[in-house]
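Coordinate analysis (summary)
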Number of protein chains: 2
Amino acid sequence: MSEQVVRKVRLTPERIATAAIELADRDGIEALTIRALADHLGTKPMTLYHHVAGKEALLDLMVDRIFAEMEAPPEDLPWREAIIRRCQSTREVLVRHPWSVPLLESRSTPGPELLRHHESMLATLDRGGLPLPLMAHAYAILDSFVFGFALEEATLPAQGGEGMADVAEEIAAAFDAEAYPQLVRLTVDHVMQPGYSFGSSFEVGLGIILDGLEAARGPGADA
Amino acid sequence: MSEQVVRKVRLTPERIATAAIELADRDGIEALTIRALADHLGTKPMTLYHHVAGKEALLDLMVDRIFAEMEAPPEDLPWREAIIRRCQSTREVLVRHPWSVPLLESRSTPGPELLRHHESMLATLDRGGLPLPLMAHAYAILDSFVFGFALEEATLPAQGGEGMADVAEEIAAAFDAEAYPQLVRLTVDHVMQPGYSFGSSFEVGLGIILDGLEAARGPGADA
DNA sequence: CCTATCACTCGTACTAAGTACGAATGATCA
DNA sequence: TGATCATTCGTACTTAGTACGAGTGATAGG
């Protein structure tokens, strides 16, 4: 049970947050306790409190680090590509840390990395020539979609194409085909088919939204 | 502190879940403890365990009841209107119970009402004449957007138009205008303006997505 | 009418987890 | 060398979920 990793480096809030993310990735967010984290760091619970104000503060730190993982696309990319890149990166990060998705939005105090993330998204939209009101819409819509998608993806049983098909099969068997005909049809005739990938809807959705935004902007300049 | 509501009716899982939702609405999800719930129901903690297997099971019940609140649109409505109606209803429910959004997606065991909700959404899409693969995309995209939007909305400081402007003002003051120019510009020149409403992006986003889906369906090409 | 059953109620207490308090330890600098 | 201060951590308090088993009241069969 105890892992007693020997600590060689000095404790810092950043290092603690990093270790906490490791633990959450490995054992799930519900297994992330102060005691387990201390153990993982080769120290004792109360020691952590000299670097972090409490568990809530720790969660805030973790969230900010998650945002830090989302990379800003290079500025020389065309507007549309840049947005796609950033959204993909965001999704990848959230897939890597599925436990974080409900957390991200339940924290009320925004950290610097969160602000940076938003800022760079807005800057890219600005480069696309969107007027302010449309920019606000674009921002809200894209963010909602990306996080919403990640939210669904995070709770999907298994995201590997095959593993998911298996699960879907079980579900379909448990379903009452009369009570839920569409659900069963979708599952059996589509989801369980080889080559199905839930993730492909991400690209499609993103494309639809970007098309709509460009149409709303009109024939503006691109760069 | 103790509220000691006199209980007149027999305890049932449904009634317990309803009371739990009331409590969560009023005091927040973190204040929903078994003890507080028992108090609210005029009974004792262990009594609840004869009707509900545990707190996890209680949360499952609550989630299913939340889904039950989302109303299916009348079948005679045109396809597009029906989708909009359902999505609006979903959003309204989630705004009414903001604490539930992270919960909804973190539960892995789907209840009957959740299945019903999905089924009716799919049925409406089917009425729209979407072929199966496009239907799957439409479903994933719409759900992601609606829940993602609700997720953001749930964590927004205040959704009343004015209250939010106040908060935005504070935030803008705290911001470093040099570090986050776009964020500040958006906040000051748009969000803080009278008449701004975050929620309006919902309609816009929904419209864009539906336009895109119709376009994809239209001439016969699909994705 | 009496009593056995059973669903329901609840008092007690155990466990896990966050964290307050203050002592011990060790490094830095005058 | 000794004082200061950051860090570490042992102990213990608190809250919350819930296991265990005793009480209690309504109902059904004799």
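Report on the accompanying structure. (Residues numbered from 1 in each chain as written. Chains lettered and ligands numbered in written order. Predicted model: local features only at pLDDT ≥ 70, side-chain atom pairs only at ≥ 80, totals over all residues. Heavy atoms only, no water.)

Glancing now at the packing of aromatic side chains. Each pair of aromatic rings is reported with the distance of its centres and the angle of its planes. Going through the model one piece at a time under the given rule, you end up with ten aromatic pairs over all chains. Between F67 of chain A and F147 of chain A the ring centres are 6.4 Å apart and the planes differ by 45°, which places this aromatic pair in the tilted class. Placement of the pair is F67 of chain A in helix α4 (residues 55–69) and F147 of chain A in helix α8 (residues 132–155), with a sequence separation of 80 residues. You can call F67 of chain A buried: its relative accessible area is 3%. Looking at F147 of chain A, the relative accessible area reads 2%, which means it is buried. An angle of 25° between the planes, with centres 4.9 Å apart, marks the rings of F149 of chain B and F198 of chain B as stacked. One end of the pair, F149 of chain B, is in helix α8 (residues 132–155); the other, F198 of chain B, is in the loop between α10 (181–191) and α11 (200–217), with 49 residues separating them in the sequence. Accessibility assignment for this pair places F149 of chain B and F198 of chain B in one class, buried. Three or more aromatic residues link up through ring pairs in this structure, and these residues are F145, F149, F198 and F202 of chain A. (Phe/Tyr/Trp six-rings, centres within 6.5 Å; stacked < 30°, edge-to-face > 60°. Helix = DSSP H or I, 4+ residues; strand = E, 2+ residues; numbered from the N terminus. Buried < 20%, exposed > 50% of the residue type's maximum accessible area, 1.4 Å probe, protein only.)

Residue and element names in this part refer to chain B. Enumeration according to the criterion identifies 20 salt bridges over all chains in this entry. Close ionic contact of R116 with E113 constitutes a salt bridge, the shortest N to O distance being 2.5 Å. Taken together, the positions of R116 and E113, both in helix α7 (residues 112–127) and three residues apart, correspond to about one turn of that helix. The class for R116 is partly exposed, based on a relative accessible area of 28%. Here E113 falls in the partly exposed class, since its relative accessible area comes to 24%. (Salt bridge = Lys/Arg side-chain N within 4 Å of Asp/Glu carboxyl O.)

Let's shift gears to the protein's contact with DNA strand C. Around DNA strand C, the surrounding shell holds 16 residues, and the nearest of these are R35, Y49 and K55 of chain A together with T43 and H50 of chain B. Backbone atoms, meaning sugar and phosphate, form 45% of the atoms of DNA strand C found within 4 Å of the protein. At a separation of 2.7 Å, a phosphate oxygen of DNA strand C approaches a polar side-chain atom of Y49 of chain A. Within the contact set of DNA strand C, a phosphate oxygen lies 2.5 Å away from a side-chain nitrogen or oxygen of K55 of chain A. For the surface near DNA strand C, the residue count by class is five nonpolar, six polar and five charged. (Near = heavy atom within 4 Å. Polar contact = N/O pair within 3.5 Å; in protein donor to acceptor, adjacent residues only side chain to side chain. Nonpolar A, V, L, I, M, F, W, Y, C, P; charged D, E, K, R; others polar.)

Moving on, we come to the relation of the copies chain A and chain B. Applying a rotation about an axis and a shift along it to one chain copy brings it onto the other copy. Overlaying chain A with chain B gives an RMSD of 0.1 Å, the required rotation being 180° about an axis along which the chain moves by 0.0 Å. Here the symmetry operator amounts to a two-fold rotation axis. Ranked by how close their C-alpha atoms come to the rotation axis, the residues of chain A are headed by G148 of chain A, at 1.8 Å. When the interface residues of chain A are mapped onto chain B, 100% of them are again interface residues, pointing to one common binding face. (Least-squares fit on C-alpha atoms with pLDDT ≥ 70 in both. Contact = heavy atoms within 4.5 Å.)

Below, the discussion takes up the environment of L122 of chain B. Secondary-structure assignment places L122 of chain B in helix α7. Looking at L122 of chain B, the relative accessible area reads 0%, which means it is buried. Separated by 39 residues in the primary sequence, L122 of chain B and I83 of chain B have C-alpha atoms spaced 9.9 Å apart. Discounting residues that sit within four places of it in the chain, L122 of chain B has contacts with Q182, L183 and L186 of chain A together with M135 and Y139 of chain B.

Moving on, we come to α7 of chain B. An α-helical turn contains 3.6 residues, so a residue and the one three or four places further along point in the same direction. Helix length check: α7 of chain B (16 residues) gives 22 Å between terminal C-alpha atoms against 22 Å at 1.5 Å per residue, within 8%. Those residues of α7 of chain B that fall on the buried side of the exposure criterion are L114, L115, H117, H118, E119, S120, M121, L122, T124 and L125 of chain B. Buried residues in α7 of chain B make contact with α10 (181–191) of chain A together with α4 (55–69), α5 (79–96) and α8 of chain B. Positive backbone phi, at 80°, marks G129 of chain B, one or two positions downstream of α7 of chain B. (Expected span 1.5 Å × (residues − 1).)

This part takes up the packing of α8 of chain A against α8 of chain B. In the contact formed by α8 of chain A and α8 of chain B, the axes pass within 6 Å of each other and the chain directions differ by 110°. Comparing their axes, α8 of chain B and α8 of chain A come out roughly perpendicular. On α8 of chain B, the residues touching A140, I141, D143, S144, F145, F147, G148, F149, L151 and E152 of chain A of α8 of chain A are A140, I141, D143, S144, F145, F147, G148, F149, L151 and E152 of chain B. Classifying every residue of the contact of α8 of chain A with α8 of chain B gives twelve nonpolar, four polar and four charged. (Axes fitted to C-alpha atoms, helices over the stretch in contact; angles between N-to-C directions. Parallel < 35°, antiparallel > 145°, perpendicular 65-115°, else oblique.)

In this section: the environment of F202 of chain B. Residue and element names in this part refer to chain B. In this structure, F202 sits in helix α11. Judged by its relative accessible area of 0%, F202 falls in the buried class. Sequence-wise, F202 and C87 are 115 residues apart; in three dimensions their C-alpha atoms are separated by 9.5 Å. Not counting chain neighbours up to four residues away, the residues in contact with F202 comprise C87, Q88, R91, F145, V146 and F149.

The next thing to look at is the environment of E119 of chain B. Structurally, the position occupied by E119 of chain B is in helix α7. Exposure remark for E119 of chain B: the relative accessible area of 9% places this residue in the buried category.

Right, let's get into the interface of chain A and chain B. The interface of chain A with chain B comprises 46 residues on the first partner and 46 residues on the second. Of the roughly 4300 Å² buried at the junction of chain A and chain B (both faces included), carbon and sulfur atoms supply 71%. At the junction of chain A with chain B, the criterion picks out two salt bridges. Close ionic contact of R185 of chain A with D126 of chain B constitutes a salt bridge, the shortest N to O distance being 3.1 Å. Linking chain A with chain B are ten residue pairs in polar contact (both at pLDDT 80 or more). Among the elements of the structure, α6 (100–106), α7 (112–127), α8, α10 and α11 (200–217) of chain A are those that each provide at least two residues to the side of chain A that touches chain B. It is α8 of chain A that provides the largest number of residues to the side of chain A that touches chain B, a total of 16 residues. (Buried area = accessible area lost by both parts, 1.4 Å probe.)

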